[in-house]
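Structure assessment
So you can see what is in the structure, the chains are spelled out below.
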Amino acid sequence: MKFFVDTADVREIRELNELGLLDGVTTNPSLILKSGGDIAEVTKEICGIVEGPVSAEVVATDYADMMREAEILSRIADNVCIKVPLTLDGLKACRAITSDGRKVNVTLCFSANQALLAAKAGATFISPFVGRIDDIGIDGMELIAEIRRIYDNYDFQTEILAASIRTVNHVKQAALIGADVATVPPATLKALVKHPLTDKGLESFLADWAKTGQKIG
Ligand code: E4P
């Protein structure tokens with residue numbers, strides 16, 4: 001499973017990238033707002049840090065303007081992945097951009113039928129929003145399972161990018177179902193390493209080691 005980090009915070013991205021944990025980055029207009037930076041500058045900086053795809057989202061809602069914005073965003077760096085919303089215009093833009101050999105992440109997916117359309121439109125990634133579905137009282141992980149089944153039925157190559165991930169359990173469930181990628185907020189990504197028995201075990205090994213009076217090297 002690939003890990004993307006879901007943030008436009010350059011400091012966090014740099015730190016996670018240095019740990020060797022990052023396969024890509026996803027941003028959205030809300031995350032750009034939170035970063036306080038200019039979309040072109042922030043995206044360029046992120047693309048210089050991470051080798052993998054960096055999703056940058058169009059904000060136009062009609063096909064022609066989406067294509068114009070996609071051109072501008074694509075020029076920022078080779079690893080920019082254009083993010084388009086799951087609308088008819090977005091799907092049309094997805095088909096046109098991927099036909100040019102560029103990567104597209106179709107975002108704001110909340111149903112299996114939407115995911116089917118995105119795959120038909122040649123999407124590189126489909127982003128089902130697990131946490132936002134949980135928020136309305138429906139199990140978001142069910143959607144990941146449905147999309148996995150449909151894509152496997154027809155051998156679609158579109159990668160399932162589990163998005164709106166809120167907990168470490170979401171990451172585990174997505175991995176068990178077979179999502180190709182999870183885009184995870186920095187704090188949740190770092191929390192994956194934590195286990196109380198790891199901390200306790202390390203503490204007791206270090207205490208016993210101190211008693212030996214030895215040094216390595
Ligand atoms: C995905 O690409 C989105 O940026 C993100 O996962 C949305 O998450 P949220 O529902 O926590 O805003």
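Cut-offs used in this document
Residues numbered from 1 in each chain as written. Predicted model: local features only at pLDDT ≥ 70, side-chain atom pairs only at ≥ 80, totals over all residues. Buried ≥ 20, exposed ≤ 12 C-beta atoms within 10 Å, placed from the backbone. Helix = DSSP H or I, 4+ residues; strand = E, 2+ residues; numbered from the N terminus. Arc of directions from axis to C-beta. Contact = placed C-beta atoms within 7 Å. UniProt positions renumbered as here; feature names shortened; annotations may be inferred. Pairing = 2+ DSSP bridges. Right-handed = clockwise from strand over helix to strand, strands pointing away. Near = placed C-beta within 6 Å. Nonpolar A, V, L, I, M, F, W, Y, C, P; charged D, E, K, R; others polar. Axes fitted to C-alpha atoms, helices over the stretch in contact; angles between N-to-C directions. Parallel < 35°, antiparallel > 145°, perpendicular 65-115°, else oblique. Left-handed = near helix turned anticlockwise from the far one by under 90°.

1. Section: helix α6 (residues 112–120)
Among the residues making up α6, those that are buried are Ala 115, Ala 118 and Ala 119. Seen end-on, α6 carries its buried residues on one side only, within an arc spanning 100 degrees. Looking at the buried side of α6, the elements it contacts are α5 (88–99), β5 (104–109), β6 (125–128) and α8 (140–154). Gly 122 sits one or two residues past α6 and shows a positive phi near 85 degrees.

2. As for unusual backbone geometry
Even without being glycine, Leu 108 reaches a positive phi, approximately 65 degrees. Summarising the element assignment, Leu 108 is placed in strand β5. A positive phi angle is found at Ser 164, which is not glycine, with a value near 55 degrees. For Ser 164, the position within the fold is in the loop between β7 (159–162) and α9 (168–177).

3. Observations regarding the UniProt feature "active site" (unreviewed entry) in the chain
Annotation from UniProt places "active site" (unreviewed entry) at Lys 83. Mapped onto the elements, Lys 83 comes out in strand β4 (residues 80–85). Excluding residues that lie within four positions of it along the chain, Lys 83 makes contacts with Ser 55, Ala 56, Glu 57, Val 58, Asn 105 and Thr 107.

4. Some points on the pairing of strand β8 (residues 181–184)
In β8, alternate side chains face the same way, and those of Val 181 and Thr 183 on one face and Ala 182 and Val 184 on the other are all buried. Taken together, the two bridges between β7 and β8 define a ladder with parallel strand orientation. Within the sheet, the bridge partner assigned to Leu 161 lies in β8 and is Val 181. With α9 bridging β7 and the parallel β8, this β-α-β connection has right-handed handedness.

5. Quick notes on the environment of Val 104
Looking at where Val 104 falls in the secondary structure, it is placed in strand β5. Sequence separation between Val 104 and Glu 57 is 47 residues; the distance between their C-alpha atoms is 9.7 Å. Non-local contacts of Val 104, meaning those with residues more than four positions away in its chain, are made with Cys 81, Ile 82, Val 84, Cys 94, Ile 97, Thr 98, Ala 123 and Thr 124.

6. A look at the site of the ligand
Taken together, the residues surrounding the ligand are Asp 6, Thr 26, Asn 28, Thr 107, Ser 127, Phe 129, Gly 131, Arg 132, Ala 163, Ser 164 and Thr 183. Of the residues contributing to the shell around the ligand, the split by class is two nonpolar, seven polar and two charged.

7. Some words on the packing of α8 against α9
Relative orientation of the contacting elements α8 and α9 amounts to 20 degrees, with a least axis distance of 10 Å. When the interaxial angle is binned, α8 and α9 end up roughly parallel. When the axes of α8 and α9 are compared, the crossing they make is right-handed. Where α8 abuts α9, its residues Met 141, Ile 144, Ala 145 and Arg 148 lie against Gln 173, Ala 174 and Ile 177. Across the contact of α8 with α9, the residue classes break down as five nonpolar, one polar and one charged.

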